[in-house]
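Geometric and topological summary
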Amino acid sequence: MHKTAAAGPLRAPVNRILEHTLVDGPGNRTIVFFQECNIGCRYCHNPETQRMCIGCGSCVDQCPAGALRLEAGRVIWDRELCVGCDTCIHVCPHYSSPKVTEMTVDEVYEEIRRNIPFIRGITVSGGECSLRLPFLQELFARCRNLSLTCLMDCNGTVPLWDEPVMEVCDGVMLDVKAWDEGCFRRLTGAGNSVVKENLRHLSEMEKLEELRIVCLDGWVDAPEVIRGIAQTVTEKTKRETLLKLIRFRSMGVRGELAKAPSPSGAYMAELEKLARQLGFENIRVV
Amino acid sequence: MDREALARETYGILTSDKLTYRQKLIQLAKQAENSLEVLHIPEKFAKYFETRALCDMGEGNAPYRPRYVMVDYERFMKQGSEFLKIEPPKTLDEAIFALLTLYYHVPSITTMPVYIGNLDTLLDPFLDGLSDEEVKAKFKLFLNYVDRTIADGYCHANLGPKDLRATRLLLECEKELKNAVPNFTIKYDIDETPDDLMEQAILCALECANPAIANHKAHKDTYWDYGISSCYNILPLRGGSYILSRVVIPRLAKMADSTEQFLEEVLPDALLGLGQYMDERIRFLVEESGFFQSSFLVKEGLIERENFTAMFGVAGLCDGVNYLLRDSGKRYGHDPEADDLADRIMTIIADFAASYPAKYCEASGGHYYLHAQAGLSTDEGVTSGVRIVVGDEPESLYAHLRHSARFHRFFPTGCSDIFPFEVTARNNPAAVLDIIKGAFREGDKYMAIYQSDSDLVRITGYLVKRSDIEKYDSGQVVLQDTVQNGSSNYKLNRLADRKVRSNA
Ligand code: SF4
Ligand code: SF4
């Protein structure tokens, strides 16, 4: 166990929990978004999940519903008053949100449990869920007792292959992002050697549920990513694991890519063709 | 109506340039029927009929054919028909010809058949030796013929629960044709119908709003065997439903002084009025109209009088409850107090139906069965059956489905919900199936789904094309009579505002 009596139950900052998602893994699943990420992708769709709130208070006065207040240097969010306009997250200069809740494993588990029998599993996402491995280990173990499958949607920058969480995790949906180190760094601010290691190990362990590439010509070396993955993973992974080629869309994106156009259908078709030539059999362009 | 008003109305129909010839014919027949006064209307009914709290569904003044006829087409395929001079079919062409011929002679309240059989089980025995392409070409001609001639959104075909070659091929045809007629329902048995067939059905439904999905386990023991007709009526096979009459809860609630008085006096009094009125309609139909004495369907055993029941309809539970609780602002589907009141109302109605003897209803144990009536084109402020009013659906889809299950349990002869899904569902039909499985495990009886941006939309149960509504509204003649109902209902009930179920 990762917790001690003195430390109390494990907690993690949760941005939100959606009772059902049609797009994050096979079948109908409940998805948990954790707050905080260890990198910062320029094309991030949910930039408000990247950082922890520092209590600067900038959002408080902007809330039209009076649902926010500052108390002892921390921002308090009143769920009942909130009208869900998202003004706060748009005005937050720190890539954060005041609507984050610290939750225990018990609390997250209860929110999941009441969605049975409508779901076949859960997916954890973020932010970056792999920053919460002990929490996930406990949560997954309990969910599996309910016959729910447990998937991690992550960026692969945290080494996973030796972690005990993998014993209770059914699969990882790995976002490979870029292949060339410089390209990856320009996009995310970090390096990608661990991502490649994760890719190799998880493929051998048969724990790759899905591989994702967000495609944006000029920023993402998508053909290289496809080639790189093809050289790294097992034949079985190429045959079976879903390779999702995602068209960049600017919705929610901030900064210099906020108005970047989506790649053309022809470009996506080319990528799909390349992947097929390299032996991927389960490809989806979305 | 006085003679002059009747004549004026008749003239209006006869000279209309918005109706097809056939639509005129049907409406003119109705005028003739309504010039008669042959029913002995019970006083108790008349009182509530004035405010439309009780309603005869505009079935007409002198019932001369059952509302819904559920022909035993399996029997017909085995024995052919002496009256129609048809031998039992041996090939697919003969089978299709036989069915189409029989459809022409099956009556109903709309004059056209509302149930055309479990098409996959009917046609599957004739597929041997034919390639998929050959079969599909024939199926498409068959389906298009039904679409263009029956041309009535209440016409309903069934599939499943068995996984047959014909089931899959019919789904493929339906997905390609995107016809509004017939409506399809697939009987889904969680333990028997395979997931991949259901996923094919879901993809088809997202594409063209067909088929709807019925919980087979919840329905299969209602009668000796069942079929689904029209707007999700679960009815005994080889029989059907004589009539459908309904109590409209909000209109009745407005006649009461208080909630207690509503529950203790007004509601029981009105239920009795409706029961007596239904008795009288059925008496005329069975004893005087001559239908059961003359129809070749009866003579040849394709329907039997003993297999008919009648539907005791309930509409607008949501609006009624919200009206009664208007001072506290508590709402059906959101507040436990409102749902408990709804439950009390339904329990009173169900107890009444279970204790009130209904002559000629042997198929349903000598009683009327409750039906969650889906609405009329002219209804305003009357939400279908026990559904939650459009625009006020719970945030949580699961809460919504659990709520449905709680109220579906009262209705043996049909109760349904309609859920539009977002486009992303197309990539993950398994997710939609998970939701349906969960709903059926919780006790939901029936679900219809469609994709929020598709041209075909479900109105109360039947389908129309948005593009046809636009045509009709701009004054053009359209083939299907349900488009006229759909057009007004789509607007009155703000169906464009139904809560779309997506991933957020
Ligand atoms: S979303 Fe944010 S700004 Fe909007 S009401 Fe809620 S707390 Fe206030
Ligand atoms: S959410 Fe952002 S703006 Fe609001 S207090 Fe936290 S850091 Fe400041």
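On a predicted model such as this, the values are computed, not experimentally measured, just so you know.

Time to look at the domain arrangement of chain A. Residues and elements named next belong to chain A. Split by domain assignment, chain A resolves into domain 1 (3–50 + 101–285) and domain 2 (53–99). Roughly 680 Å² is buried in total at the junction of domain 1 and domain 2, and carbon and sulfur atoms are behind 43% of that figure. Considering only the surface of domain 1 that becomes buried against domain 2, E48, T101 and R254 emerge as the three largest contributors, covering 63% of it. Our count for the domain 1 to domain 2 interface comes out at zero salt bridges. The interface formed by domain 1 and domain 2 includes two residue pairs in polar contact (both at pLDDT 80 or more). Split by residue class, the side of domain 1 that touches domain 2 holds two nonpolar, five polar and two charged.

We now examine the pattern of salt bridges. Across all of its chains, the model carries 56 salt bridges over all chains by this definition. With its nearest N and O atoms 2.6 Å apart, the salt bridge here joins B:K44 to B:D269. Pair noted here: B:K44 is in helix α3 (residues 43–49) and B:D269 is in helix α12 (residues 259–288), with a separation of 225 residues, a long-range link. Taken together, the shared-partner salt bridges connect A:D24, A:D153, A:E210, A:R212 and A:K244 into one network.

The next thing to look at is the domain arrangement of chain B. Residue and element names in this part refer to chain B. Segmenting chain B into domains produces domain 1 (1–35), domain 2 (41–65 + 239–415) and domain 3 (68–232 + 416–504). Contacts between the two partners involve 50 residues from domain 2, matched on the other side by 49 residues from domain 3. When domain 2 packs against domain 3, close to 4,000 Å² is buried across both sides, 54% of that on carbon and sulfur atoms. Of all residues in domain 2, the largest losses of buried area upon contact with domain 3 belong to L302, R387 and V390, amounting jointly to 16% of the total for that side. Here domain 2 and domain 3 share two salt bridges between them. Taken together, the links from domain 2 to domain 3 amount to 18 residue pairs in polar contact (both at pLDDT 80 or more). Elements that contribute at least two residues to the side of domain 2 that touches domain 3 include exactly β9 (239–248), α14 (296–299), β10 (308–315), β11 (369–372) and α17 (397–408). When the residues that make up the side of domain 2 that touches domain 3 are grouped by side-chain class, the tally is 20 nonpolar, 19 polar and eleven charged.

Turning to the site of ligand 1, a few remarks are in order. Taken together, 13 residues form the shell around ligand 1, and within it A:C63, A:C82, A:C85, A:D86 and A:C88 come nearest. Residue composition of the shell around ligand 1, grouped by class: nine nonpolar, two polar and two charged.

Let's shift gears to the sheet that holds strand β6 (residues 121–125) of chain A. Residue and element names in this part refer to chain A. Spatially, the nine strands line up as an open sheet ordered β5-β1-β2-β6-β7-β8-β9-β10-β11, and their pairing is mixed. Taken across any chain shown, the strands that pair with only one partner, and hence form the sheet edges, are β5 (101–104) and β11 (283–285). Strand-to-strand twist in this sheet, taken as the mean axis angle between neighbours without regard to direction, amounts to 30°. Pairing analysis gives four bridges linking strand β8 (residues 171–175) to strand β9 (residues 208–215), with the strands arranged parallel. Looking at the pairing, L174 lines up with L211 of β9.

Let us now look at the interface of chain B and chain A. In this assembly, 22 residues from chain B lie in contact with 19 residues from chain A. For the pairing of chain B and chain A, the buried interface totals around 1,700 Å² over both sides, and the portion due to carbon and sulfur atoms is 56%. On inspection of chain B and its partner chain A, the count reaches one salt bridge. Across the salt bridge formed by A:R120 and B:D434, the nearest N and O atoms sit 2.6 Å from each other. Between the two partners, chain B and chain A, sit eleven residue pairs in polar contact (both at pLDDT 80 or more). When contributions to the side of chain B that touches chain A are tallied by element, the ones reaching two or more residues are α17 and α18 (429–442) of chain B. Broken down by element, the residue count for the side of chain B that touches chain A peaks at eight residues, all from α18(B). Class assignment of the residues belonging to the side of chain B that touches chain A gives a composition of ten nonpolar, seven polar and five charged.

To continue, consider the environment of B:Y48. Residue and element names in this part refer to chain B. Residue placement: Y48 occurs in helix α3. Residue Y48 is classed as buried on the basis of its relative accessible area, which comes to 3%. When the C-alpha atoms of Y48 and L271 are compared, they prove to be 9.9 Å apart, with 223 residues separating the residues in sequence. Once residues within four sequence positions are removed from consideration, Y48 is found in contact with A53, L54, L252, M255, V266, D269 and A270.

Quick look at the packing of helix α16 (residues 336–355) of chain B against α17(B) now. All names here are of chain B. Close contact between α16 and α17 brings their axes to 10 Å; oriented N to C, the two are set at 20°. Here α17 runs roughly parallel to α16, going by the angle between their axes. Along this stretch, α16 crosses α17, giving a crossing that reads as right-handed. Counting all contacts with α16, which are made through D339, D340, A342, D343 and M346, the residues of α17 involved are H403, R406 and F407.

This part is about the packing of aromatic side chains. Under the defined criterion, the tally for this structure stands at 20 aromatic pairs over all chains. Seen in terms of ring centroids, B:Y73 and B:Y103 are 5.6 Å apart; in terms of plane orientation they differ by 85°. Their pairing is edge-to-face. Placement of the pair is B:Y73 in helix α4 (residues 73–79) and B:Y103 in helix α5 (residues 92–104), with a sequence separation of 30 residues. The pair formed by B:Y73 and B:Y103 is uniform in burial state, with each residue classed as buried. Pairing B:F291 with B:F292 gives two aromatic rings, centres 5.0 Å apart and planes at 90°, and the pair type is edge-to-face. B:F291 gets classed as buried once you look at its relative accessible area, which sits at 8%. Overall, the relative accessible area of 9% leaves B:F292 in the buried class. Through a chain of ring-to-ring contacts, three or more aromatic side chains come together here, namely B:Y73, B:Y103, B:Y115 and B:F142. A:R142 extends its terminal NZ or CZ atom over the ring of A:Y109, reaching a point 4.0 Å from the ring centre. The ring of A:Y95 is capped by A:R254, whose NZ or CZ atom sits 5.4 Å from the centre of that ring.

Cut-offs and rules
- Residues numbered from 1 in each chain as written.
- Chains lettered and ligands numbered in written order.
- Predicted model: local features only at pLDDT ≥ 70, side-chain atom pairs only at ≥ 80, totals over all residues.
- Heavy atoms only, no water.
- Domains from an automatic or database assignment.
- Buried area = accessible area lost by both parts, 1.4 Å probe.
- Salt bridge = Lys/Arg side-chain N within 4 Å of Asp/Glu carboxyl O.
- Polar contact = N/O pair within 3.5 Å; in protein donor to acceptor, adjacent residues only side chain to side chain.
- Nonpolar A, V, L, I, M, F, W, Y, C, P; charged D, E, K, R; others polar.
- Helix = DSSP H or I, 4+ residues; strand = E, 2+ residues; numbered from the N terminus.
- Contact = heavy atoms within 4.5 Å.
- Near = heavy atom within 4 Å.
- Pairing = 2+ DSSP bridges.
- Axes fitted to C-alpha atoms, helices over the stretch in contact; angles between N-to-C directions.
- Buried < 20%, exposed > 50% of the residue type's maximum accessible area, 1.4 Å probe, protein only.
- Parallel < 35°, antiparallel > 145°, perpendicular 65-115°, else oblique.
- Left-handed = near helix turned anticlockwise from the far one by under 90°.
- Phe/Tyr/Trp six-rings, centres within 6.5 Å; stacked < 30°, edge-to-face > 60°.
- Lys NZ or Arg CZ within 6 Å of the ring centre and 35° of its normal.

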